[in-house]
Amino acid sequence: MGTKHTGITDDPDDPDDLLPEESVLSLDDYLEMQAAVGDRTRFEIVYRLAHAGDMTPTELNEVIEIDDSTLHYHLNKLRDVGLVEKRVQTERDSDGLYAYYSATVLGEAILEHGVEELLRREWDFREAYDSST
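A short tour of the structure in this document, coming up. Here the structure is a predicted model, which means the values were calculated and not measured. (Residues numbered from 1 in each chain as written. Predicted model: local features only at pLDDT ≥ 70, side-chain atom pairs only at ≥ 80, totals over all residues. Heavy atoms only, no water.)

Moving on to the overall build of the protein chain. Along the protein chain, the regular secondary structure elements total 6 helices and 2 strands. Seen in sequence order, the protein chain has helices and strands lined up from the N terminus as α-α-α-α-β-β-α-α. Buried positions account for 26% of the 133 residues belonging to the protein chain. Long-range pairs, those at least 24 residues apart, make up 48% of the contacts in the protein chain between residues at least 6 apart in sequence. (Helix = DSSP H or I, 4+ residues; strand = E, 2+ residues; numbered from the N terminus. Buried < 20%, exposed > 50% of the residue type's maximum accessible area, 1.4 Å probe, protein only. Contact = heavy atoms within 4.5 Å.)

Here it is, written out as structure tokens:
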């Protein structure tokens, strides 16, 4: 089964050969991203950030409804693999100092070309798998 990507004309024998020689990230780095977003809570965090923009932990807690320590655990995992970034507001506003989280370009890409793509294809192939027709 072929894959769609630029720069490679044939399927390589070694999966490491999918990357350019001077790739910034390794295959293991990409697999760690995939594994991180494979968790339901982490997927939802990246999804919310990619579609709603920057959010504070308080805002994320309101829409995901998990306890604060669990949220921060998942945010740290996502930051460690490069799917989410943290920005700390440097000036105090009326509500105090806040940390804002956002999806990185890699976070948005792994959604668009990963799980979201599979979900979109579910609609496209629904009839093919529907045994009632």
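Looking down a regular strand, the side chains alternate between one sheet face and the other. Counting buried positions over the 5 residues of strand E2 (residues 99–103) gives 5, a clear majority of the element. Here E2 shows two buried faces, one formed by Ala 99, Tyr 101 and Ala 103 and the other by Tyr 100 and Ser 102. As defined by bridge partners, strand E1 (residues 84–88) adjoins E2 across 5 bridges and the pair is classed as antiparallel. In the sheet register, Lys 86 faces E2, and the bridge partner there is Tyr 101. (Pairing = 2+ DSSP bridges.)

This next bit is on the pattern of salt bridges. Considering all chains together, one arrives at 4 salt bridges under this definition. The partner of Arg 48 in a salt bridge is Glu 44, with the nearest N and O atoms 2.9 Å apart. Residue Arg 48 and its partner Glu 44 are both found in helix H2 (residues 40–52); the two are separated by 4 residues, about one turn of the helix. Shared partners join several salt bridges into a network, and the residues in it are Glu 117, Arg 120 and Arg 121. (Salt bridge = Lys/Arg side-chain N within 4 Å of Asp/Glu carboxyl O.)

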